Amino acid sequence: MIGRAGLSSKCWRVLRWVGLAAAAPALWACTSRTLETPTITPTATLTTNFTQKVNNEIDILFMIDNSSSMSEMQTKILAQLPLFMNVLTGLMNPPSLHVAVVSSDMGAPGDATGSIGCTPNGDSGQFQSMPQGTCTASTLTAGDTFLETDPTSGTMNFTDPIATVFQCIGALGDKGCGFEHQLASIDRALGGDGSGAPGTNANFLRPEAYLGIVILTNEDDCSAPPNTQLYSLNVGGSNQQNIANALGPVANYRCNQFGHLCKDPSGNVIEPPLNVPGNAMGSAAAPTLDMTDCTSNDTNGLLTPVSQFISDIRSLKADPDNQILVAAISAPAAPYTVAWVPEMGGQNTQAGELWPQVEHSCGASGTDDVNPESTMSPTDGSFGDPGVRIAQFVSAFPNFVLASICDTSYASSMQAIATKLGQLITPPCITGKVQTDPAGNPECSVIEHLTDGAGVKHDSAIQNCAENGNMPPCWNLTAGTANCNGQQLTVMDVAGANANSESSTINCSLCLPGSTEAGCV
């Protein structure tokens, strides 16, 4: 950081809960039927749609901030990886996983950033798969850049426990560029920016898989377009490292000033100011300004709009609201206080002038990669600056988790993220009373959606097992598992039948409270 711091001819039965299916032409002949739904009695009932997730593939991308002072926080998240993986592998139907790591370093093209460890392109969104720190061998198959494991087939491309392998490649250190591009790195790594993912990242994203994005960072996103002058010293001829520069000193505050819009104490919406404003608080020697309701400046700021990153990532999935989970262990977006402090380090051509910086929103004091003015003092080194753009990006997805980078332990955060990911492949819980027909069968219809290897989609109405003599494919409602106190959909499928992607939609007639209709009493 710059600031502080993927049939036989005979069909037979197999029970599928969250099934895997694969494409073969014979499958469709074996399961084809008229696409009709059973008649559901509508009187005094409520019809509700439930989407049954039958695909158990999850692709998880970890974006780990590798800028200055991040080592302690990397250690804390890596320590919780066994817990994280245990939650996923402990599911009734453990997922097929792809797991990758990417850094926050996308470089910072400018005439003054080379001296602070920034290259023009950084890691360019390429997966980080080499052993890090004291680890000398990841056991990852040579040439592979991400972890793959499929509990159904028992295959994996590593030999050590999955958490151990991830710990080996995930400790990225703290020597990355201090102008963090967390969102741009994710976008580039997944090819959401329209340029296609890096060649080294090929085959990570599976079209049918659910996508999980986990961000670990203690500063806000500072992603800017390649042609930006944000990281340059010589802007408009003002080749000065001081307040007189058109963009101010080359320091992390530029990301705030030209990336955020906030309200000042008078309620005015402004960019964080460069010079000390008239309504600043504190003393003349150490003025401060408390700002509120900060958002990403997506209209006239110098950073890439957060809305663009949201759109890019959503475009990766056909049903992004149900197929994507985004989580961040980051600093809260508030409080947001600008403080002006004396320049230190001999960089200022106007010695003694006050430079602006954004105070931490959690944790204790830290250091600025460009202009160190203090030392960190929290017990474990955890601190963070207001993650305005990070929070805005994460919360734009219906499935999200936001946790604090300053927590003493990330155990609860990582468990919450893993649990939320597991819910993506867990059947929905039907808690209402389902109306039954005269034979006592639930008044529901189930449509199975299959996509073959050529990408051709096939929708088929399947019957209740009690109505067709348990001939697959058919369905049942069974008692809920785990945290479900109601019922869940169970499908009896064709053995060996596989498709590149599957899901089922169940439509049930639910009884209204107090209903005396047939099938509800």
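Look up: the structure comes first, before these words.
Analysis parameters
Residues numbered from 1 in each chain as written. Predicted model: local features only at pLDDT ≥ 70, side-chain atom pairs only at ≥ 80, totals over all residues. Heavy atoms only, no water. Helix = DSSP H or I, 4+ residues; strand = E, 2+ residues; numbered from the N terminus. Buried < 20%, exposed > 50% of the residue type's maximum accessible area, 1.4 Å probe, protein only. Areas by Shrake-Rupley, 256 points an atom, 1.4 Å probe, with all protein chains shown as cover. Contact = heavy atoms within 4.5 Å. Disulfide = S-S within 2.5 Å. Salt bridge = Lys/Arg side-chain N within 4 Å of Asp/Glu carboxyl O. Pairing = 2+ DSSP bridges. Phe/Tyr/Trp six-rings, centres within 6.5 Å; stacked < 30°, edge-to-face > 60°. Polar contact = N/O pair within 3.5 Å; in protein donor to acceptor, adjacent residues only side chain to side chain. Axes fitted to C-alpha atoms, helices over the stretch in contact; angles between N-to-C directions. Parallel < 35°, antiparallel > 145°, perpendicular 65-115°, else oblique. Left-handed = near helix turned anticlockwise from the far one by under 90°. Core = buried A, V, L, I, M, F, W, Y, C linked by side-chain atoms within 4.5 Å. 1 Å grid on protein atoms, 1.4 Å probe; cavity = no way out; pocket = protein on both sides within 12 Å on 5 of 7 lines; lining within 4 Å. Points joined across faces, edges and corners; volume = space filled by probe spheres on them. Nonpolar A, V, L, I, M, F, W, Y, C, P; charged D, E, K, R; others polar.

Novice: Tell me about the overall build of the protein chain, residues and numbers included.
Specialist: The number of helices and strands found in the protein chain is 10 helices and 26 strands. Here the protein chain, with 521 residues, has 53% of them falling under the buried criterion. With the model as given, the accessible surface of the protein chain reaches about 20,600 Å², and the carbon-plus-sulfur share is 52%.

Novice: Talk me through the environment of Pro 249; I want residue IDs and the actual numbers.
Specialist: Tracing the chain through its elements places Pro 249 in the loop between strand S10 (238–239) and helix H6 (253–257). Residues Pro 249 and Ser 232 lie 17 residues apart in sequence; the distance between their C-alpha atoms is 9.4 Å. The residues contacting Pro 249, other than those within four sequence positions of it, are Gln 241, Asn 242, Ile 243, Arg 254, Leu 274 and Trp 355.

Novice: A description of the state of the cysteines should follow, citing residues and the corresponding values.
Specialist: Under the definition given, this model contains 8 disulfides. In this model Cys 135 forms its disulfide with Cys 168; the gap between the sulfur atoms is 1.9 Å. Taking the sign of the S-S torsion, -90 degrees for the link of Cys 135 and Cys 168, the bridge is left-handed. With Cys 135 in the loop between strand S5 (96–103) and strand S6 (147–150) and Cys 168 in helix H4 (residues 162–170), the pair connects residues that are 33 residues apart, well separated along the chain. Disulfide pairing places Cys 465 opposite Cys 474 at an S-S distance of 2.0 Å. When the S-S torsion is 90 degrees, as for the bridge of Cys 465 with Cys 474, the disulfide is right-handed. For the pair Cys 465 and Cys 474, a shared accessibility class is recorded, and that class is buried.

Novice: I'd like to hear about the pattern of salt bridges, residue by residue, with values.
Specialist: Summed over the entire model, instances satisfying the criterion amount to 7 salt bridges. Residue Arg 206 pairs with Asp 59 through a salt bridge whose shortest N-O separation is 2.7 Å. Taken together, the residues Arg 206 in the loop between helix H5 (182–190) and strand S8 (210–216) and Asp 59 in strand S4 (residues 57–64) connect sequence positions 147 residues apart. Side by side, Arg 206 and Asp 59 carry an identical accessibility label, which is buried. Salt bridges linked by common partners bring Glu 57, Asp 59 and Arg 206 together as one network.

Novice: Can you tell me about the sheet that holds S8, naming the residues and giving the values?
Specialist: Across the sheet, which stays open at both edges, the 7 strands sit in the order S7-S6-S5-S4-S8-S15-S20 with mixed pairing between neighbours. What marks the edges here is a single partner per strand, and that holds for strand S7 (155–156) and strand S20 (400–404). Looking at chain direction, S4 and S8 are connected through 7 bridges and run parallel. Residue pairing for S8: Leu 61 is matched across the bridge by Ile 213.

Novice: If you had to explain the packing of aromatic side chains to someone new, which residues and values would you point to?
Specialist: Under the defined criterion, the tally for this structure stands at 7 aromatic pairs. Arranged with centres 5.1 Å apart and planes meeting at 75 degrees, the rings of Phe 127 and Phe 204 form a pair that is edge-to-face. Highlighted residues: Phe 127 in the loop between S5 and S6 and Phe 204 in the loop between H5 and S8, separated in sequence by 77 residues. A single burial state applies to Phe 127 and to Phe 204, both of which are buried. Linked through ring pairs, Phe 62, Phe 84 and Phe 166 together constitute an aromatic cluster.

Novice: Run through H5, naming residues and quoting values.
Specialist: Of all 9 residues that make up H5, 9 are buried, and the element is covered over most of its length. For H5, every residue scored as buried is listed here: Gln 182, Leu 183, Ala 184, Ser 185, Ile 186, Asp 187, Arg 188, Ala 189 and Leu 190. Where the residues of H5 are buried, they touch S4, S5, S8, helix H7 (306–314) and helix H9 (388–394). Gly 191 sits one or two positions beyond H5 and adopts a positive phi of about 75 degrees.

Novice: Pulling in residues and values, what's your account of the environment of His 360?
Specialist: Within the secondary structure layout, His 360 lies in the loop between strand S17 (354–358) and strand S18 (362–363). Taking the C-alpha atoms as reference points, His 360 and Ala 333, 27 residues apart in sequence, are found 9.8 Å from one another. At 2.4 Å, the side chain of His 360 forms a polar contact with the side chain of Asp 385.

Novice: Outline the packing of H5 against H7, supporting the account with residue identities and numerical values.
Specialist: For the pair H5 and H7, interaxial distance at closest approach is 10 Å and the crossing angle is 25 degrees. In terms of axis orientation, H5 runs roughly parallel to H7. Here H5 runs over H7; the crossing is left-handed. Between H5 and H7, the contacting residues are Leu 183, Ala 184, Ile 186, Asp 187 and Leu 190 on the first element and Val 306, Phe 309, Asp 312 and Ile 313 on the second.

Novice: With reference to specific residues and values, describe the nonpolar core.
Specialist: Note on soluble globular proteins: their nonpolar side chains tend to be buried together. One finds Ile 60, Phe 62, Phe 84, Ile 329, Ile 405, Ile 417 and Leu 421 to be the most contacted residues of the largest nonpolar core, which totals 44 residues. The contacts of Phe 84, once residues within four sequence positions are left out, are Ile 60, Phe 62, Met 414, Ile 417, Ala 418 and Leu 421. Core analysis: the next-biggest nonpolar cluster, separate from the first, contains 26 residues, Leu 61, Phe 146, Ile 310 and Phe 393 among them.

Novice: Give me the side chain of Thr 337: which residues, what numbers.
Specialist: Structurally, Thr 337 is set in strand S16 (residues 336–342). Looking at Thr 337, its side chain comes within polar contact range of the side chain of Asp 290, at 2.7 Å.

Novice: Could you give an account of empty space enclosed by the protein, with specific residues and numbers?
Specialist: The volume enclosed by the second largest cavity comes to roughly 80 Å³. Lining the second largest cavity we find Glu 219, Asp 220, Asp 221, Asn 252, Cys 255, Asn 256, His 260, Val 358, Asp 385 and Pro 386. Residue classes in the lining of the second largest cavity are distributed as 3 nonpolar, 3 polar and 4 charged.

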